[in-house]
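So the chains spell out like this:
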Amino acid sequence: FEVWSDQAAVPMVFGTSNAEQMRLTSTGLGIGTSTPGSFAGTTNLVVGGGSGNPVLTLYGGASTYSGVYFADGASGSDRYRGFFEYNHSTDSLTIGTAASTKATLDSSGNLGLGVTPSAWGSGFRAFETASAGLMSNTNGGSFFLMNNAYYNGTNWIVA
């Protein structure tokens, strides 16, 4: 069905047995919370826990980040416990826990586990950790295992 209102900022509230279950506002959709747009800028969907605080947030439309955020349902700025986040500026995808990035997949297809991937040369794909990396040439000609170094397409860079 469709409901329209000429009233500014009037939410659509859905519920059963006189208990609110879902609220649609101009800032997003909240399930289990009556304040879907109050958690993180341009929030599109918030699923609340028993206390009404978010346990799952879909965030998008921002100029910098979009993502899926998991929380413990507690209030406060440290409530997010895990995330999958897309960075519009760097065209990269990050996975994290406890507000800390654990893995980054960059726009070139390089994966950094616990680190941001180095600027590998364009003909290479790499898997990189804090002190070691695996790299292959995209045409299948080479495979390297290195420690504290990466190849920028011209030179070996020693960390």
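The rules behind the values
- Residues numbered from 1 in each chain as written.
- Predicted model: local features only at pLDDT ≥ 70, side-chain atom pairs only at ≥ 80, totals over all residues.
- Heavy atoms only, no water.
- Core = buried A, V, L, I, M, F, W, Y, C linked by side-chain atoms within 4.5 Å.
- Buried < 20%, exposed > 50% of the residue type's maximum accessible area, 1.4 Å probe, protein only.
- Contact = heavy atoms within 4.5 Å.
- Pairing = 2+ DSSP bridges.
- Helix = DSSP H or I, 4+ residues; strand = E, 2+ residues; numbered from the N terminus.
- 1 Å grid on protein atoms, 1.4 Å probe; cavity = no way out; pocket = protein on both sides within 12 Å on 5 of 7 lines; lining within 4 Å.
- Points joined across faces, edges and corners; volume = space filled by probe spheres on them.
- Polar contact = N/O pair within 3.5 Å; in protein donor to acceptor, adjacent residues only side chain to side chain.

Draft legend 1. A look at the nonpolar core. Counting residues in each nonpolar core, the largest one holds 6 residues, listed as Trp120, Phe124, Ala126, Met135, Met146 and Tyr151. Among all residues touching Ala126, those that are not within four sequence positions of it are Asn110, Leu111, Trp120, Leu134 and Met135.

Draft legend 2. Looking closely at the pairing of strand β13 (residues 143–147). Two strands pair when backbone bridges link them, and strand β12 (residues 132–137) and β13 are joined in this way by 5 bridges, in the antiparallel orientation. Bridge pairing in β13 places Gly133 opposite Met146.

Draft legend 3. Representation of the layout of surface pockets within the structure. Roughly 170 Å³ of volume is contained in the second largest pocket. Along its surface, the second largest pocket is lined by 13 residues, and Asn87, Thr90, Ser92, Thr94 and Thr104 are the ones closest to its centre. Elements supplying a minimum of two residues to the lining of the second largest pocket: β7 (80–87), β8 (92–97) and β9 (100–105). Examining the composition of the lining of the second largest pocket, we find that 3 residues originate from one element, β7, more than from any other.

Draft legend 4. Spatial organisation of the side chain of Asn110. With respect to the helices and strands, Asn110 occurs in the loop between β9 and β10 (111–113). By relative accessible area, which is 2% here, Asn110 ends up buried. Here the side chain of Asn110 touches Ala126 through a polar contact of 2.8 Å, landing on its backbone nitrogen. Dropping the residues within four chain positions of it, Asn110 is found in contact with Thr104, Leu105, Pro117, Ser118, Trp120, Phe124, Arg125 and Ala126.

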